[in-house]
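# Observations on the model geometry
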Amino acid sequence: DADRHLWGGELLARRHGLALRSAEYHVVIGDGGGPMDAHADHGSLVTFDFMLSDTAEFEGGAFQTAEPGGEVTTHSFERGDALVFQSHKQHGVAALTGRSSRRNI
């Protein structure tokens with residue numbers, strides 16, 4: 001039911017043709033590092049983001065998504081967390097602020 005509601009039946013229809021399209025490792029270094037402007041992951045059905053860094057090691061760098069009506073939602077994203085969403089959803093990362101460090105996604 002979720003497949004039909006969220007993806008119009010695409011997952012089940014293409015389940016034998018689904019494959020990893022892209023894997024990326026992002027490192028943001030230093031005060032003011034980033035940001036990663038809002039974008040969509042075109043050509044994919046689902047995006048998985050994993051937080052690899054301890055959030056006590058940096059300031060800023062919030063994971064954000066664009067919502068209908070132009071609102072921006074900031075998501076809690078701690079070390080070991082995974083965020084999973086439809087790839088056409090606009091998303092990005094705010095710049096690092098404060099102390100210098102690394103942010104690994």
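Report on the accompanying structure. (Residues numbered from 1 in each chain as written. Predicted model: local features only at pLDDT ≥ 70, side-chain atom pairs only at ≥ 80, totals over all residues. Heavy atoms only, no water.)

## Considering the packing of aromatic side chains
Applying the stated rule across the entire model yields three aromatic pairs. Both rings, one in F48 and one in F50, keep their centres 6.4 Å apart while their planes meet at 5°; by these two values the pair is stacked. Taking relative accessible area as the criterion, F48 reaches 48% and is therefore assigned partly exposed. Considering the side-chain rings of F63 and F85, the 5.8 Å spacing of their centres and the 55° angle between planes classify their relative orientation as tilted. Of the two residues, F63 is situated in strand 5 (residues 63-66) and F85 in strand 7 (residues 82-86); the sequence distance between them amounts to 22 residues. (Phe/Tyr/Trp six-rings, centres within 6.5 Å; stacked < 30°, edge-to-face > 60°. Buried < 20%, exposed > 50% of the residue type's maximum accessible area, 1.4 Å probe, protein only. Helix = DSSP H or I, 4+ residues; strand = E, 2+ residues; numbered from the N terminus.)

## Quick notes on the sheet that holds strand 5
One open sheet accounts for four strands, arranged 2-8-5-6; its pairing is antiparallel. Strands with a single pairing partner mark the edges of an open sheet, and in this sheet they are strand 2 (36-39) and strand 6 (72-75). Going from strand to strand, the sheet's axes swing by 20° on average, the running direction of each strand aside. In terms of strand pairing, strand 5 meets strand 6 through four bridges, oriented antiparallel. Counted as the bridge partner of F63 is H75 from strand 6. (Pairing = 2+ DSSP bridges. Axes fitted to C-alpha atoms, helices over the stretch in contact; angles between N-to-C directions.)

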